[in-house]
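Breakdown of the fold
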Amino acid sequence: MADTLFGAVASNAAKRAALALMKKGKTKEQKKIIDFFYKEDACCGLIKGSPIKMDEYRGMVAAKADSFDHKRRAMAMIGLDESQISEIAPIVFSDFKYRGEGVEIKVQDGEAVSTHYCVTWIFFSDVQMYTYSLTFSMISDDVVEFTNDFFYTDVTCLRTQHELCEKIDLSNGCGCIPGQTDAEKNNYIVDSLEIIVPGATYSFSLRNTGGVERSIQAAKAMVREKKYSI
């Protein structure tokens, strides 16, 4: 029993050291979020669990997203004013990013979140469609913004994609019994909008709600109308 407990202590000590290294230079909030994604409870009490819960994390993400004033940033970066994008109302949607380097996913009670979040705007002028996306990390200061513009005549397809992604989480149980591995299936859903043009496909994360779906259908109708009337 003493050897088993020593093995658990050593394993948990390594985990604590890795977490401490990951937190170097991070803000107080970023450190909490690192704990949220990487800490695990252990029955022997050697590792203390995350100090925040799922709802609290979602609130932190929403607050950070709002702090960017992303519509103003989008219009400034694209170089538009309101008079140029009055064909139909702009579309805004957002969701966690589930793919890419450095993205960590956590699933709890069937609800998936990740360390990265993306906000996208789509604007419509008389001849072009413009997109702006802002992706930010919750565990670093990383922010990525990019824009695209598409002539309606070049748009081959607008489509939504709904994916069920398998996620199997492995753990060593409580950490006290070497070689004991538990497996838990935590599948999650990924929704996205794809804009397809000759030679390229652009994908944007979204949380598919009734309002978003109606806006996308309006955008599809707009593209069809403009594509064949210009």
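As the structure is a prediction and not an experimental result, all values here were calculated from the model. Counting from 1, residues in each chain are numbered in the order their sequence is written. Per-residue local features of the predicted model are confined to residues with pLDDT of at least 70, and side-chain atom pairs are confined, for both listing and counting, to 80 or more; whole-chain, interface and lining totals are unaffected and use all residues. Hydrogens and water are ignored here; the side-chain numbers use all heavy atoms of the structure.

1. A look at the sheet that holds strand 4 (residues 116-124)
For sheets, the rule is that strands pair by backbone hydrogen bonds, running either parallel or antiparallel. Threshold: In this description, strands pair whenever DSSP reports at least two bridges between them. Counting from the N terminus, the helices are the DSSP runs of H or I reaching at least four residues and the strands are the DSSP runs of E reaching at least two. Helix axes are fitted only over the stretch in contact, all axes being lines through C-alpha atoms; the angle between N-to-C directions runs from 0 to 180 degrees. When checking whether two residues touch, look at their non-hydrogen atoms; a contact exists if any pair is within 4.5 Å.
Spatial ordering of the open sheet is given by 1-4-5-6, a layout of 4 strands whose pairing is antiparallel. Taken across any chain shown, the strands that pair with only one partner, and hence form the sheet edges, are strand 1 (91-97) and strand 6 (143-151). Averaged over all pairs of adjacent strands, the angle between strand axes in this sheet comes to 15 degrees, irrespective of strand direction. Relative to strand 5 (residues 128-137), strand 4 runs antiparallel, the two sharing 9 bridges. Paired with Tyr117 across the bridge in strand 5 is Phe136. Across the sheet, helix 3 (residues 54-67) is in contact with strand 1, strand 4 and strand 5; its angle to strand 5 comes to roughly 130 degrees.

2. So, the packing of aromatic side chains
For clarity, the cut-off: Aromatic rings from Phe, Tyr and Trp, with only the six-membered ring used for Trp, were paired whenever their centres fell within 6.5 Å, and each pair was classed as stacked if the ring planes differed by under 30 degrees, edge-to-face if by over 60, and tilted otherwise. In this scheme, the term charge over a ring applies when either NZ of a lysine or CZ of an arginine sits within 6 Å of the ring centre and within 35 degrees of the ring normal.
Scanning the entire structure with this criterion turns up 10 aromatic pairs. Ring centres 5.3 Å apart and planes at 35 degrees place the aromatic pair Phe68 and Phe136 in the tilted group. Linking Phe68 in the loop between helix 3 and helix 4 (70-78) with Phe136 in strand 5, this pair joins segments that are 68 residues apart in sequence. Pairwise contacts between aromatic rings join Phe36, Phe37, Tyr57, Phe68, Phe96, Tyr117 and Phe136 into one cluster. The ring of Phe36 carries Lys106 above its face, with NZ or CZ at 5.0 Å from the centroid.

3. What to know about the confidence of the model for the chain
Here is the rule we go by: The predictor reports its confidence for every residue as pLDDT, a score running from 0 up to 100.
Of the residues in the chain, 85% have a pLDDT of 70 or more, and the chain-wide mean is 85. Ranking the helices and strands of the chain by mean pLDDT puts helix 3 first, with 96, and helix 1 (residues 2-22) last, with 64. Here residues 1-10 is a poorly scored stretch, pLDDT under 50, and it has 7 contacts once near neighbours within four places are set aside; other chains count.

4. Observations regarding the nonpolar core
Note the cut-off: Side-chain atoms within 4.5 Å link the members of a nonpolar core, which is a set of buried Ala, Val, Leu, Ile, Met, Phe, Trp, Tyr and Cys residues. The buried label applies to any residue whose accessible area, calculated with a 1.4 Å probe on protein chains only, is under 20% of its type's maximum; exposed applies above 50%, and partly exposed to all values in between.
By size, the foremost hydrophobic cluster in this structure holds 37 residues, and its most contacted members are Ile33, Tyr57, Phe123, Phe136 and Tyr188. Within the residue set of this core, elements represented by two or more residues are helix 2 (28-38), helix 3, helix 4, strand 2 (105-108), strand 3 (111-114), strand 4, strand 5 and strand 10 (188-197). Per-element tally for this core: the top contributor is helix 3, with 5 residues. Here Phe123 is in contact with Lys71, Ala74, Met75, Ile78, Leu80, Ile85, Pro90, Gln128, Met129 and Tyr130, once residues within four sequence places are set aside. By size, the runner-up hydrophobic cluster in this structure holds 19 residues, among which are Phe93, Phe124, Tyr152 and Met222.

5. A closer look at the sheet that holds strand 7 (residues 157-165)
On the basis of which strands lie adjacent, the open sheet formed by 3 strands has the order 7-10-11 and antiparallel pairing. Every interior strand has two partners, whereas the edge strands, strand 7 and strand 11 (200-205), have only one. If you compare each strand with its neighbour and ignore which way they point, the axes differ by 30 degrees on average. Taken together, the 9 bridges between strand 7 and strand 10 define a ladder with antiparallel strand orientation. Residue pairing in the sheet places Arg159 in a bridge with Glu194 of strand 10. Each of strand 7 and strand 10 is contacted by helix 5 (residues 210-227), which is oriented at about 150 degrees to strand 7, the strand it contacts most.

6. Some details on helix 3
Where we set the bar: One less than the residue count of a helix, multiplied by 1.5 Å, gives the span that helix is expected to have. In this description, one arc is meant: the one made by directions from the helix axis to the C-beta atoms.
For helix 3, with 14 residues, the first-to-last C-alpha span of 20 Å sits near the 20 Å given by 1.5 Å per residue. Residues Met54, Tyr57, Met60, Val61, Lys64 and Ala65 constitute the buried set of helix 3. Each buried residue of helix 3 sits inside an arc of 135 degrees when the element is viewed along its axis, so together they form one side. Opposite the buried face of helix 3, at more than 90 degrees from it, the exposed residues are Asp55, Asp66 and Ser67. Immediately beyond the C-terminal end of helix 3, within one or two residues, lies Asp69, with a positive phi of roughly 50 degrees.

7. Some points on the side chain of Asp35
Note the following rule: For the purposes of these results, a polar contact is taken to be a pair of N or O atoms within 3.5 Å, where, inside protein, one atom must be able to donate a hydrogen and its partner to accept one; residues adjacent in sequence count only when each atom of the pair is a side-chain atom.
Looking at the secondary structure, you find Asp35 in helix 2. Separated by 2.7 Å, the side chains of Asp35 and Lys23 make a polar contact. Leaving out residues up to four positions away in the same chain, Asp35 has contacts with Leu19, Lys23, Ser50 and Pro51.

8. Points about the packing of helix 2 against helix 3
Rules: Roughly parallel means an angle under 35 degrees; roughly antiparallel means over 145; roughly perpendicular covers 65 to 115; every other angle is labelled oblique. With the far helix as reference, a near helix turned anticlockwise by less than a right angle produces a left-handed crossing, and one turned clockwise produces a right-handed crossing.
Between helix 2 and helix 3, the shortest axis-to-axis distance is 12 Å and the interhelical angle comes to 140 degrees. By the angle class used here, helix 2 and helix 3 are oblique. Here the hand of the crossing between helix 2 and helix 3 comes out left-handed. Of the residues in helix 3, those touching helix 2 at Glu29, Ile33, Phe36 and Phe37 are Met54, Tyr57 and Met60.

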